[in-house]
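Below, each chain spelled out in residue letters.
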Number of protein chains: 2
Amino acid sequence: MTDTVKFTLPENQIPKDWYNLAADLPSPSPPPLHPGTGQPIGPDDLAPLFPMALIGQEVSMERTIEIPQPVRDIYRQWRPTSLHRAHRLEQALDTPARIYYKYEGVSPAGSHKPNTAVAQAFYNKEAGISRISTETGAGQWGSALAFAGALFGIEVEVYMVRVSYDQKPYRRAMMESFGARCVASPSEETAVGRAILAETPDSSGSLGIAISEAVEVAAQRDDTNYALGSVLSHVLLHQTVVGQEAMAAFELADDYPDVIVGCTGGGSNFAGIAFPFLGAKLRDGGSDLRIVAVEPKACPSLTRGTYAYDFGDTGHLTPLVKMHTLGSTFVPPPFHAGGLRYHGMAPLVSHVHELGLIEARGYDQLECFEAGVTFARAEGIIPAPEANHAVKGAIDEALRCKQEGKGQTILFNLCGHGHFDMQAYTDYFAGKLVNQEFAEGEMAMALAGLPSVASG
Amino acid sequence: MTDTVKFTLPENQIPKDWYNLAADLPSPSPPPLHPGTGQPIGPDDLAPLFPMALIGQEVSMERTIEIPQPVRDIYRQWRPTSLHRAHRLEQALDTPARIYYKYEGVSPAGSHKPNTAVAQAFYNKEAGISRISTETGAGQWGSALAFAGALFGIEVEVYMVRVSYDQKPYRRAMMESFGARCVASPSEETAVGRAILAETPDSSGSLGIAISEAVEVAAQRDDTNYALGSVLSHVLLHQTVVGQEAMAAFELADDYPDVIVGCTGGGSNFAGIAFPFLGAKLRDGGSDLRIVAVEPKACPSLTRGTYAYDFGDTGHLTPLVKMHTLGSTFVPPPFHAGGLRYHGMAPLVSHVHELGLIEARGYDQLECFEAGVTFARAEGIIPAPEANHAVKGAIDEALRCKQEGKGQTILFNLCGHGHFDMQAYTDYFAGKLVNQEFAEGEMAMALAGLPSVASG
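A short tour of the structure in this document, coming up. Small disclaimer: the values here were computed from a predicted structure and weren't measured.

## Details of the interface of chain B and chain A
In step 1: Between chain B and chain A, the contact holds 44 residues from the first and 44 residues from the second.
In step 2: Counting each side, the surface lost to burial between chain B and chain A is near 3,700 Å², with a carbon and sulfur contribution of 54%.
In step 3: Taken together, chain B and chain A are joined by two salt bridges.
In step 4: A salt bridge links Lys6(B) to Glu11(A), with the nearest nitrogen and oxygen atoms 3.5 Å apart.
In step 5: Counting across the interface, chain B meets chain A through 17 residue pairs in polar contact (both at pLDDT 80 or more).
In step 6: Where the side of chain B that touches chain A is concerned, the elements lending two or more residues are helix H3 (69–75), helix H6 (140–152), helix H8 (169–177), helix H15 (365–379) and helix H17 (422–429) of chain B.
In step 7: Residues that form the side of chain B that touches chain A fall into these classes: 22 nonpolar, twelve polar and ten charged.

## A word on the sheet that holds strand E14 (residues 359–363) of chain A
Residues and elements named next belong to chain A.
In step 1: Sheet architecture is open: seven strands sit in the order E1-E4-E5-E15-E10-E11-E14, paired in mixed fashion. Each edge of the open sheet carries a strand with a single partner, namely strand E1 (6–7) and E14.
In step 2: In this sheet, E14 lies alongside strand E11 (residues 290–296) in parallel orientation, the contact comprising five bridges. Looking at the pairing, alanine 293 lines up with alanine 360 of E14.
In step 3: Relative to strand E5 (residues 98–103), helix H11 (residues 233–253) is tilted by about 135°, and along the sheet it contacts E1, strand E4 (83–85), E5 and strand E15 (409–414).
In step 4: Relative to the sheet, helix H15 (residues 365–379) contacts E4, E5, E14 and E15, its axis offset from that of E14 by approximately 95°.

## Looking at the nonpolar core
In step 1: If you look at the biggest cluster of nonpolar residues, it comprises 164 residues, and the most contacted ones within it are Trp18(A), Phe275(A), Val349(A), Trp18(B), Phe275(B) and Val349(B).
In step 2: The next biggest cluster of nonpolar side chains, apart from the first, holds 43 residues, and it includes Cys263(A), Ala308(A), Ala337(A) and Ala378(A).

## Considering unusual backbone geometry
All names here are of chain A.
In step 1: That bond from arginine 79 to proline 80 is cis: its omega, -10°, falls within 30 degrees of zero.
In step 2: Turning to its location among the elements, proline 80 is positioned in the loop between helix H3 (69–75) and E4.
In step 3: Between serine 185 and proline 186 the backbone carries a cis peptide bond, its omega angle lying at 5°.
In step 4: Its location among the elements puts proline 186 in the loop between strand E8 (181–185) and helix H9 (191–199).
In step 5: One non-glycine residue, valine 231, lies in positive phi territory at about 70°.
In step 6: By the secondary structure assignment, valine 231 is in the loop between strand E9 (224–227) and H11.
In step 7: In this structure valine 231 comes out as buried when scored by relative accessible area, which is 8%.

## Some points on the pattern of salt bridges
In step 1: Evaluated as defined, the whole model comprises 52 salt bridges over all chains.
In step 2: Here Arg361(A) and Glu397(A) are joined by a salt bridge, their closest N and O atoms 2.6 Å apart. Remark: Glu397(A) occurs in helix H16 (residues 385–404) and Arg361(A) occurs in strand E14; sequence separation between them is 36 residues.
In step 3: Residue classification places Glu397(A) among the buried residues on the basis of a relative accessible area of 2%.
In step 4: Residue Glu404(B) is joined to Arg400(B) by a salt bridge in which the shortest nitrogen-to-oxygen separation is 2.8 Å. Pair noted here: Glu404(B) and Arg400(B) are both in helix H16 (residues 385–404), with a separation of four residues, about one helical turn.

## Observations concerning the environment of Thr8(A)
All names here are of chain A.
In step 1: With respect to the helices, strands and loops of the structure, threonine 8 is situated in the loop between E1 and strand E2 (17–19).
In step 2: Sequence separation of threonine 8 and tyrosine 226 is 218 residues, and the distance between their C-alpha atoms is 34 Å.
In step 3: Beyond its immediate stretch of four places on either side in the chain, threonine 8 contacts Pro80, Ser82 and Leu252.
In step 4: At 2.8 Å, the side chain of threonine 8 and the side chain of serine 82 are in polar contact.

## Concerning the packing of aromatic side chains
In step 1: For the structure on display, the rule yields 36 aromatic pairs over all chains.
In step 2: With centroids separated by 4.7 Å and ring planes inclined at 65°, the aromatic side chains of Tyr100(B) and Phe250(B) adopt a geometry described as edge-to-face. Placement of the pair is Tyr100(B) in strand E5 (residues 98–103) and Phe250(B) in helix H11 (residues 233–253), with a sequence separation of 150 residues. Accessibility classification places Tyr100(B) together with Phe250(B) in one group, the buried group.
In step 3: Taken together, the ring pairs connect Phe7(A), Tyr100(A), Phe250(A), Tyr256(A) and Phe277(A) into an aromatic cluster.
In step 4: One Lys or Arg, Arg85(B), reaches over the ring of Tyr100(B) and ends 5.6 Å from the middle of that ring.

## What about the packing of helix H8 (residues 169–177) of chain A against H17(B)?
In step 1: The interhelical angle for the contact between H8(A) and H17(B), taken along N-to-C directions, is 55°, at an axis separation of 9 Å. With respect to their mutual orientation, H8(A) and H17(B) come out oblique. Judged by the twist between their axes, the crossing of H8(A) over H17(B) is left-handed. Contacts between H8(A) and H17(B) involve Tyr170(A), Ala173(A), Met174(A), Glu176(A) and Ser177(A) from the first element and Met422(B), Gln423(B), Tyr425(B), Thr426(B) and Phe429(B) from the second.
In step 2: Its residues assigned to classes, the contact of H8(A) with H17(B) shows six nonpolar, three polar and one charged.

## Considering the packing of H15(A) against helix H17 (residues 422–429) of chain A
Residues and elements named next belong to chain A.
In step 1: Running from N to C, H15 and H17 cross one another at 100°; their axes reach a closest spacing of 11 Å. With respect to H17, the element H15 is oriented roughly perpendicular. Note on element contacts: H17 touches H15 through Ala424, Tyr425, Tyr428 and Phe429, opposite Leu366, Phe369, Glu370, Gly372, Val373 and Arg377.

## Description of the sheet that holds E8(A)
All names here are of chain A.
In step 1: Ordered by their spatial adjacency, four strands build an open sheet running E8-E7-E6-E9, and the pairing between neighbours is parallel. Because the sheet does not close on itself, it has two edges, and the strands there are E8 and E9. Across the sheet, the mean angle separating the axes of adjacent strands is 25° when strand polarity is ignored.
In step 2: Pairing analysis gives five bridges linking strand E7 (residues 155–161) to E8, with the strands arranged parallel. Its bridge partner lying in E8, methionine 160 is registered against alanine 184.
In step 3: On top of the sheet, helix H6 (residues 140–152) reaches strand E6 (131–136), E7 and E9; it is set at about 160° to E6, its chief contact.

## Here we look at the relation of the copies chain B and chain A
In step 1: Each copy of the sequence occupies a distinct position, and chain B is placed on chain A by a rotation of 180° and an axial shift of 0.0 Å, giving an RMSD of 0.0 Å. Seen this way, the second copy is the image of the first under a two-fold rotation axis.
In step 2: Counting the interface residues of chain B, we find that 100% of their copies in chain A are interface residues as well, pointing to one common contact surface.

## As for helix H5 (residues 114–126) of chain B
Residues and elements named next belong to chain B.
In step 1: Compared with the 18 Å implied by 1.5 Å per residue over 13 residues, the 18 Å span of H5 between its first and last C-alpha is a close match.
In step 2: For H5, a buried count of eleven out of 13 residues is recorded, marking the element as mostly surrounded by other parts of the structure.
In step 3: Within H5, the full set of buried residues consists of Pro114, Asn115, Thr116, Ala117, Val118, Ala119, Gln120, Ala121, Phe122, Tyr123 and Asn124.
In step 4: Two residues or fewer after H5 comes glycine 128, characterised by a positive phi angle close to 80°.

## Describing the pairing of strand E7 (residues 155–161) of chain B
It is a general feature of regular strands that their side chains alternate between the two faces of the sheet.
Residues and elements named next belong to chain B.
In step 1: Counting buried positions along E7 gives six out of seven residues, so the element sits mostly inside the fold.
In step 2: Across six bridges, the pairing between strand E6 (residues 131–136) and E7 is parallel. Looking across to E7, one finds that arginine 131 is bridged to glutamate 155.
In step 3: Following the backbone out of E6, through H6 and into the adjacent parallel E7, one traces a crossover that is right-handed.

Calculation rules
Residues numbered from 1 in each chain as written. Chains lettered and ligands numbered in written order. Predicted model: local features only at pLDDT ≥ 70, side-chain atom pairs only at ≥ 80, totals over all residues. Heavy atoms only, no water. Contact = heavy atoms within 4.5 Å. Buried area = accessible area lost by both parts, 1.4 Å probe. Salt bridge = Lys/Arg side-chain N within 4 Å of Asp/Glu carboxyl O. Polar contact = N/O pair within 3.5 Å; in protein donor to acceptor, adjacent residues only side chain to side chain. Helix = DSSP H or I, 4+ residues; strand = E, 2+ residues; numbered from the N terminus. Nonpolar A, V, L, I, M, F, W, Y, C, P; charged D, E, K, R; others polar. Pairing = 2+ DSSP bridges. Axes fitted to C-alpha atoms, helices over the stretch in contact; angles between N-to-C directions. Core = buried A, V, L, I, M, F, W, Y, C linked by side-chain atoms within 4.5 Å. Buried < 20%, exposed > 50% of the residue type's maximum accessible area, 1.4 Å probe, protein only. Phe/Tyr/Trp six-rings, centres within 6.5 Å; stacked < 30°, edge-to-face > 60°. Lys NZ or Arg CZ within 6 Å of the ring centre and 35° of its normal. Parallel < 35°, antiparallel > 145°, perpendicular 65-115°, else oblique. Left-handed = near helix turned anticlockwise from the far one by under 90°. Least-squares fit on C-alpha atoms with pLDDT ≥ 70 in both. Expected span 1.5 Å × (residues − 1). Right-handed = clockwise from strand over helix to strand, strands pointing away.

This is how it looks when you write it as structure tokens:
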């Protein structure tokens, strides 16, 4: 009898609802504030950027929100994704731990991002929107929204962080294959971009800057909305299909995680895998489940940032949200995990961290690539640099189990493949990759500029 | 009620046997000959290159050959692959045809190639081999064997056709991620390579040259065997898991193909999808199933080549096989579908073409990329340039159905994704891609050098 290597649910077990953690939390997360008034914002403040359906999801306290049938129909192309048991990695590590990974790289765009991109495109189409602007780091989000836009006949314009635009030219080609337009950020196309280029002509860009540019464009035109690939609560909500499927697949496996590991940039893939399990723990109590968020040491919002009200973008066009932040003007060094180069953390992830419901941990770039190569040689899948942080976290947990002689069950989210990040692997093999330092002084300067409501 | 978009078999329906078309053919395909004696070769002639188990499969007349359990265990990581119904492509084409594709790009290496790579690595490991040399065109095969080598602890050395090595640097990074070594071919590492470089220093290489180099290396060392990613009958055999799964999935879909389309370079993905259906047609009779092989107009072995005994490689180190050939010294122009740049065609595919059991058709590079982009925008998957030939063939069949008002069922093999071929798409969008001319004069010269046994 051979051990099972993958647990795949039948198509009719694609979740019918998204799961909303807010319904199960002991206290609500602080509301977004209007930067001018310092008062909580209302739906009308967000209406120029988002369709009302998404604004409603952003503040909903309902435990479940039904997934529209057209969205589930598109999910069915690649969902349910399999839960894999990493037998060969376990053998390579000689650990008594059982390591599982949920593999989201089988989606058309190669990551978990289409889970929310398809939903967002659907609601925008319903609202009569014909054009969406957005930002992207490594390009996973931009290509996911480009894919979704192609399906719904929506024009997509992507501001791609300059360093990733240069490092990952083929992500651009992928977005163009889906019919989207891709612009390096900071760009000359927006007031925010021009101002930053005037001051820093060789700016490597950041997600904070790219968000400002995309928001500026969307705010100017009635036919154009903005879409965000992470951070916001409705985005995290859409990703909970990942964790819900994982829970059901663990029933097939007759197992249950002791530890869940996810990488965190804006927080959406982490929330997607973790929140359904966290909700079950909050409702049922008694579980010893640990949840570990892993981030780059060079952009350590959860482990080194301040929990305060801050802007979501560098150009200060967004509402203020309470989150772990390195300061909205903090520009992370140009490491390869572009999807993790964000100065803040999802308010909901920040909130559960403050509540002590999750742990956080930072890793350097090189140890993450080392873990990724170990994983690739054992399991045959080359992870995205972002996902390497989760791989490293899972491997460390497995080695702890070995040291402690414990046969624990570890689950991590392999949120995307690295097919468009091979220059990073090439550099790694050539010994050209280095660890990037965390610019502590730059954080201090950025935090000094926190909006005055920050103490509120 | 929404139409089903994918048909996925349960894991226990991964085929237990490979299907051997030879058992059902009305006449056997001509045997390989020894180039010195002109006599049929025996197992001992091949023993320096291949393990005896594969040599046995090469000449077997058994209808089914059991898949070893360790091979099926590895297949289970990504098999059974789904059969997808391309509803959105049908809508985009406004065709009454039902278009299905079997998607092999979900494998770790991104194509159908691991189906045989894993099997070949298994049998070599069983035979005590610690090192395998091989060639690769676009890199799909090289990365598949690198993956399989990593799983079985076998060292892998890949001679990669120079033009693809330059066009697709990230394929090399993938092979290195799996621990393999990758060398641009022609190289200075072999006598064959040095001779070609002496004559043509800027040679863009070809599969025929790379095969010679890999064979030379394998022949020199007892611990080293050679592996081929296509052409040979045992390779085609291993790929029949694709067609067998498709047949079973069509039962779920309550449908059956009228037309099957596959792209042909060496012939293995085409044979993989088509042979199980062809065998059923030969055994049961009465079916109107058409099978269409699609190849590049610039390397048209089936549509323009001669059916004759020829060498499988440019350096004339292999046995003579009877196949459709452009001449073993023919070097195809450097178009982007590197996996289709082979001067010959699998003897078994050539034989069934001679028997009138399949059709063949050639397409130019640009129309294939146009088809690939149409497919990507409708279905969200960016095909490999090789697979674009099958996409183009399927689209043309669907448009014929539209013209004739026929609701036929079309199946094609989407044998791999294009994630490592994005430079080609970038060039296509930039208008830099051109159709490559078929060098008819070069073929005539190459065919003039056919071995004298060719008339036999």
